[in-house]
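Structure at a glance
For reference, the chains in residue letters:
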Amino acid sequence: MTGRHAPSLRELVDGATQLLREAGVGSPAHDARALAAFALGRERLVPGLDPDPDPGFAARFAALVERRRAREPLQRITGRTAFRYLDVPVADGVFVPRPETETVAEHAVGEARRVREAGRDAVVVDLCCGAGVIGASVALEVPGARVHAVDASPAAVDATRATAREARVALDVEVGDVRDAHLLAALDGAVDVVVANPPYIPPDAVPQDPEVRDHDPDLALYGGGADGLEVPRAVVDAAARLLRPGGLLVMEHAEVQAAAVRAELRAHGSFTQVTTDQDLTGRDRMVLARKAEQRASTGSDVEHSRS
Ligand SMILES: C[S@@+](CC[C@H](N)C(=O)[O-])C[C@H]1O[C@@H](n2cnc3c(N)ncnc32)[C@H](O)[C@@H]1O
């Protein structure tokens, strides 16, 4: 007898928390507990109700912690992430949905709901859909909404189909490029909401976090052009074509791009009521605009920006 006892779950989790903290992980205690739960096959650990780990747990847990220590994203290790009411599968080569985008989706859900409550069909288009979480949220939360989703990446389109299948919602999904002037042309002038979280990072703003830089696909990050706004501009053009008069565009962008994106929309001449909204941490992260009843002369729209 050596007198050494097998470490408790609590001791293993505390040790992992320390390792993850030293590796620069932003939320080490949360991630250590999430990985422990995953290794135990549980959804989560309940404080004070720690189960006794099985004999193979320590080795399984150590291997998972090692991956997180190397800054592999938690969601890619566990293969799942949460988004609003969805529990979403995370696929290789597909952008991992972020909490800030939940507010973008909230606007799309609210508008689609208002359209349905007015007794009309709600037609919603999710451009640059990635894993399809915005479109699937609208379809789940607004019964009767007709949702179309498009992404340039076949892997993302497959992921959107998986998200929709698991959420048991119907989405019309296709591979397409928002720069294609004929994308979804059958819906021209008939769409109530165009919602998008496009790529928007400029080429000289490579993300610092290894989780983003090394694990999200470049196609999902870099928006093109010196300012990163080439793809977002294409989203604006597509929205001007697809939306019915009075229809709503909601588009995510980086905090520093808020004024530039508003200026872009104002100069476009197809939009009115151009506003910026904040994410849950209070940062300017999305633009909202309504398709004008008539094309306005540039710069003459009533502007309601908050900054
Ligand atoms: C930041 S990710 C957002 C994914 C998803 N909307 C979300 O919020 O989780 C941007 C997505 O845009 C797609 N994308 C990039 N360029 C595109 C283009 N020209 N046309 C259509 N999709 C594009 C990428 O493949 C990626 O899935």
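Every value quoted in this text rests on a predicted model; they were computed, and no experiment measured them.

**Points about the domain arrangement of the protein chain**
Taken domain by domain, the protein chain comprises domain 1 (9-70) and domain 2 (81-291). Relative to domain 2, the C-alpha centre of domain 1 lies at a distance of 34 Å.

**Structural notes on the site of the ligand**
Neighbouring the ligand are 22 residues; Cys128, Gly130, Ala152, Asn197 and Ala220 lie closest to it. Residue assignment for the shell around the ligand shows that the elements contributing at least two residues are helix 6 (133-141) and helix 9 (218-221). Taken together, the residues that form the shell around the ligand break down as 15 nonpolar, four polar and three charged.

**Considerations on unusual backbone geometry**
The backbone phi angle of Arg71 is positive, close to 70 degrees, even though this residue is not glycine. Position of Arg71 among the secondary structure elements: in the loop between helix 3 (57-69) and helix 4 (74-78). Even without being glycine, Arg168 reaches a positive phi, approximately 55 degrees. Within the secondary structure, Arg168 is located in the loop between helix 7 (154-167) and strand 5 (172-175).

**Quick word on the nonpolar core**
Generally speaking, nonpolar side chains in soluble globular proteins are found buried as a group. In this structure, Val124 and Val194 are the most contacted members of the largest nonpolar core, which totals 69 residues. Among the elements that make up this core, the one with the highest residue count is helix 10 (residues 230-242) (eight residues). When neighbours within four sequence positions are excluded, Val194 is seen to be in contact with Val125, Leu127, Ala238, Ala239, Leu242, Leu243 and Leu249. Leu12, Ala36, Phe61 and Leu74 belong to the second largest nonpolar core, which has 14 residues in total.

**A short note on the packing of helix 5 (residues 101-117) against helix 6**
For the pair helix 5 and helix 6, interaxial distance at closest approach is 9 Å and the crossing angle is 40 degrees. Compared by their axis directions, helix 5 and helix 6 come out oblique. Here the hand of the crossing between helix 5 and helix 6 comes out right-handed. Seen from helix 5, the contacting residues are Thr101, Val104, Ala105, Ala108, Val109 and Ala112; seen from helix 6, they are Ile134, Ser137, Val138 and Glu141. Partitioning the contact of helix 5 with helix 6 into residue classes produces seven nonpolar, two polar and one charged.

**Overview of the environment of Ala62**
Along the chain, the position of Ala62 falls in helix 3. Sequence-wise, Ala62 and Phe38 are 24 residues apart; in three dimensions their C-alpha atoms are separated by 12 Å.

**As for the packing of helix 1 (residues 9-22) against helix 3**
Between helix 1 and helix 3, the shortest axis-to-axis distance is 10 Å and the interhelical angle comes to 15 degrees. The angle between helix 1 and helix 3 places the two elements in the roughly parallel class. Relative to helix 3, helix 1 is oriented so that their crossing is right-handed. For the pair helix 1 and helix 3, contact is made by Leu12, Ala16, Leu19 and Leu20 and by Ala58, Phe61, Val65, Arg68 and Arg69, respectively. Residues belonging to the contact of helix 1 with helix 3 are distributed by class as follows: seven nonpolar, no polar and two charged.

**Observations regarding the sheet that holds strand 3 (residues 123-127)**
Taken in spatial order, the seven strands line up as 5-4-3-6-7-9-8 in an open sheet, and their pairing is mixed. Both outer strands of the open sheet, strand 5 and strand 8 (271-278), are each paired with one neighbouring strand and no more. If you compare each strand with its neighbour and ignore which way they point, the axes differ by 15 degrees on average. Here strand 8 pairs with strand 9 (residues 284-291) via six bridges, running antiparallel.

**Here we look at helix 1**
With 14 residues, helix 1 extends 20 Å between its outermost C-alpha atoms, agreeing within 8% with the 20 Å of an ideal straight helix rising 1.5 Å per residue. For helix 1, the full list of buried residues reads Leu12, Val13, Ala16 and Leu20. End-on view of helix 1: buried residues confined to an arc of 95 degrees, all on one side of the axis. When the buried face of helix 1 is taken as reference, the exposed residues oriented beyond 90 degrees from it are Arg10, Glu11 and Glu22. Those residues of helix 1 that are buried are in contact with helix 2 (28-40) and helix 3. Two residues or fewer past helix 1, Gly24 is found with a positive phi of approximately 90 degrees.

**As for the environment of Asp216**
Among the secondary structure elements, Asp216 is positioned in the loop between helix 8 (210-213) and helix 9. In this structure, the C-alpha to C-alpha distance between Asp216 and Val94, residues 122 residues apart in sequence, is 6.7 Å. Once residues within four sequence positions are removed from consideration, Asp216 is found in contact with Phe95, Val96 and Leu221.

**Comments concerning the pairing of strand 9**
Counted residue by residue, strand 9 has seven buried out of eight residues, so it is predominantly covered. Inspection of the sheet shows strand 7 (residues 243-252) paired to strand 9 by five bridges, in the antiparallel sense. Note on strand 9: the bridge partner recorded for Met251 is Val287. Here strand 8 folds back onto strand 9 in antiparallel fashion, the turn holding five residues, of which Gly282 has a positive phi close to 85 degrees.

Rules and cut-offs
Residues numbered from 1 in each chain as written. Predicted model: local features only at pLDDT ≥ 70, side-chain atom pairs only at ≥ 80, totals over all residues. Domains from an automatic or database assignment. Near = placed C-beta within 6 Å. Helix = DSSP H or I, 4+ residues; strand = E, 2+ residues; numbered from the N terminus. Nonpolar A, V, L, I, M, F, W, Y, C, P; charged D, E, K, R; others polar. Core = buried A, V, L, I, M, F, W, Y, C linked by C-beta atoms within 7 Å. Buried ≥ 20, exposed ≤ 12 C-beta atoms within 10 Å, placed from the backbone. Contact = placed C-beta atoms within 7 Å. Axes fitted to C-alpha atoms, helices over the stretch in contact; angles between N-to-C directions. Parallel < 35°, antiparallel > 145°, perpendicular 65-115°, else oblique. Left-handed = near helix turned anticlockwise from the far one by under 90°. Pairing = 2+ DSSP bridges. Expected span 1.5 Å × (residues − 1). Arc of directions from axis to C-beta.

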